[in-house]
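Residues per chain, in single letters:
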Amino acid sequence: MQCHTSPILFFNFILKPFHSNFTLFLPKKKKIVSNTLLLFLSHFGLSTDVLKKGSRGWKKVVAAFGENILQADGEVDRSKLGQIVFSDPGKRQLLNQLLAPYISSGILLEIVKLWMRGCQVIVLDVPLLFEAKMDKWTKPIIVVWVDPETQLQRLLARDRTSEEDARNRINAQMALDLKRTKADIVIDNTGSLDDLNEEFKKVLLQVTRPLTWTEFWLSRHGALSALVLVVAGVVVSRKFYSSL
Ligand SMILES: CC(C)(COP(=O)(O)OP(=O)(O)OC[C@H]1O[C@@H](n2cnc3c(N)ncnc32)[C@H](O)[C@@H]1O)[C@@H](O)C(=O)NCCC(=O)NCCS
Ligand SMILES: Nc1ncnc2c1ncn2[C@@H]1O[C@H](COP(=O)(O)OP(=O)(O)OP(=O)(O)O)[C@@H](O)[C@H]1O
């Protein structure tokens, strides 16, 4: 995980009081874009940790779905579990409910750690950002948009799966056309990878703009500066009053 410190602080936090932020929400082309961001910004993904063998999430999921979702080494067979939950909305809802507490506490912990390290920008790559109502706490929200047909074709090419399976996966989330109406920034990814790169450079300029004063005081550097100012103020006023 990369982390840069500089006078420009721009980070993402789920809790409103720390809200100078940046959320990356990137359906279709999400991984490639967020991996690019890694060069500049802090980024994390949680998808594997919550299902790690022996974790609390793993125990709950195995108890609910049975041991037949496990590989020989005891890890969850993600592709098998994916097939189950993406073809059955009820089971997907169950999986989401079981993992939601671990996903949200994991995100919160990660953000606190990054904030303490003074990260400028934290990128949250959250597939169900709107569905989980996490969009309330994050800003700006970026949606990487493509038209439904391109989305389907790219998914088919990437996963080498059946059309039914691909459609199930797409339908498991809010439609991109709706997501784009909820975004602060929309990246149109119907063009080539080079086009995407160009679009992305523009967005980077936007999201690394200088902080507003509110954002600065809520940043780690701002909070430390405020602390130093308060301590200095107390010391100086004590000296002043004791000399009277
Ligand atoms: C179903 C699982 C096992 C599939 O694992 P797999 O390695 O095959 O895929 P991966 O995790 O990379 O997800 C692929 C894509 O599927 C989509 N997706 C994942 N989980 C969900 C879900 N619960 N609902 C809708 N779409 C989902 C996302 O777009 C994601 O980028 C895994 O995604 C999982 O445990 N999901 C449930 C918990 C979760 O991550 N929820 C999302 C919280 S924001
Ligand atoms: N502009 C593009 N030109 C060509 N192929 C692209 C373009 N953008 C994305 N793709 C391809 O589309 C597929 C989906 O992209 P990616 O895996 O980044 O999406 P994602 O949002 O992370 O998907 P998921 O939510 O399913 O994890 C990948 O195979 C990727 O290489």
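Basis of the calculations
- Counting restarts for each chain: residues are numbered from 1 in the order of the written sequence.
- Think of it this way: whatever chain is written first is A, whatever ligand is written first is 1, and the rest follow in order.
- A pLDDT threshold of at least 70 governs which residues receive local features in this predicted model, and a stricter bar of 80 or more applies before side-chain atom pairs are shown or counted, although totals over entire chains, interfaces and linings include all residues.
- The basis for every side-chain value is the complete set of heavy atoms in the structure, and neither hydrogens nor water enter the calculation.
- A run of DSSP states H or I qualifies as a helix once it reaches four residues; a run of E qualifies as a strand once it reaches two. Both are numbered from the N-terminal end.
- In this scheme, a residue with accessible area under 20% of its type's maximum is buried, one over 50% is exposed, and one in between is partly exposed, where area comes from a 1.4 Å probe on protein chains only.
- The contact rule is simple, with two residues in contact once any of their heavy atoms fall within 4.5 Å.
- Computed by Shrake-Rupley with a 1.4 Å probe, the accessible areas treat only the displayed protein chains as cover when residues are assessed.
- Convention adopted: a line fitted to C-alpha atoms gives each axis, helices being fitted over their contacting stretch, and angles between N-to-C directions are expressed from 0 to 180 degrees.
- In this scheme, roughly parallel covers angles under 35 degrees and roughly antiparallel covers those over 145, while 65 to 115 is roughly perpendicular and the rest are oblique.
- Take the far helix as the reference: if the near one is turned anticlockwise from it by less than a right angle, the crossing is left-handed, and if turned clockwise, right-handed.
- Gly falls in the polar group here, along with every residue not listed as nonpolar (Ala, Val, Leu, Ile, Met, Phe, Trp, Tyr, Cys, Pro) or charged (Asp, Glu, Lys, Arg).
- Definition used for salt bridges: Asp or Glu carboxyl oxygen within 4 Å of a side-chain nitrogen of Lys or Arg.
- Nitrogen and oxygen atoms within 3.5 Å of one another constitute a polar contact, given that in protein one can donate a hydrogen and the other can accept it, and given that sequence-neighbouring residues count only through two side-chain atoms.
- Each residue carries a pLDDT score, the predictor's own confidence in it, on a scale running from 0 to 100.

**What to know about the overall build of the protein chain**
A tally of helices and strands in the protein chain yields 10 helices and five strands. Relative to its 244 residues, the protein chain shows a buried fraction of 39%. Put simply, 71% of the contacts in the protein chain that link residues at least 6 apart link residues at least 24 apart. Only carbon and sulfur atoms are counted for the fraction: they give 59% of the accessible area of the protein chain, which is about 13800 Å².

**Some words on the packing of helix 5 (residues 148-159) against helix 6 (residues 163-171)**
Between helix 5 and helix 6, whose axes approach to 10 Å, the crossing angle comes to 120°. The angle between helix 5 and helix 6 places the two elements in the oblique class. Remark: the crossing between helix 5 and helix 6 carries right-handed chirality. Residues Gln151, Leu152, Leu155, Leu156 and Asp159 of helix 5 form the contact with helix 6, whose participating residues are Glu163, Ala166, Arg167, Arg169 and Ile170. Taken together, the residues of the contact of helix 5 with helix 6 sort by class into five nonpolar, one polar and four charged.

**Examining the pattern of salt bridges**
Inspection of the entire model under this criterion finds five salt bridges. When the shortest N-O distance is used, the salt bridge between Glu163 and Arg167 registers 2.7 Å. Remark: Arg167 and Glu163 occur in helix 6; sequence separation between them is four residues, near one turn of the helix. With relative accessibility at 41%, the residue Glu163 sits in the partly exposed group. Judged by its relative accessible area of 41%, Arg167 is partly exposed. Across the pair Lys202 and Glu199 runs a salt bridge whose closest N-O atoms are separated by 3.3 Å. With Lys202 and Glu199 both in helix 8 (residues 193-207) and three residues apart, the pair spans about one turn of that helix. Residue Glu199 is classed as partly exposed on the basis of its relative accessible area, which comes to 25%.

**Some words on the environment of Lys80**
Its location among the elements puts Lys80 in helix 3 (residues 78-86). We classify Lys80 as partly exposed; its relative accessible area is 37%. A C-alpha to C-alpha distance of 6.3 Å links Lys80 and Ile69, two positions 11 residues apart in sequence. Look past the residues within four positions of Lys80 in its chain and what remains in contact with it is Asn68 and Ile69. In terms of polar contacts, Lys80 uses its side chain to reach the backbone carbonyl oxygen of Asn68, at 2.9 Å.

**Let's talk about the confidence of the model for the protein chain**
Fine structural detail should not be taken from predicted coordinates in areas where pLDDT scores are low. Confidence along the protein chain averages 78 in pLDDT terms, with 79% of residues attaining 70 or more. Model confidence for the protein chain, summarised as mean pLDDT per element, is weakest for strand 2 (residues 42-44) at 40 and strongest for helix 2 (residues 56-65) at 97. pLDDT under 50 marks residues 1-29. Its contacts with residues more than four places away, or in other chains, come to 147 contacts. Scored below 50 in pLDDT, residues 35-45 shows 38 contacts in the model against residues more than four places distant or in partner chains.

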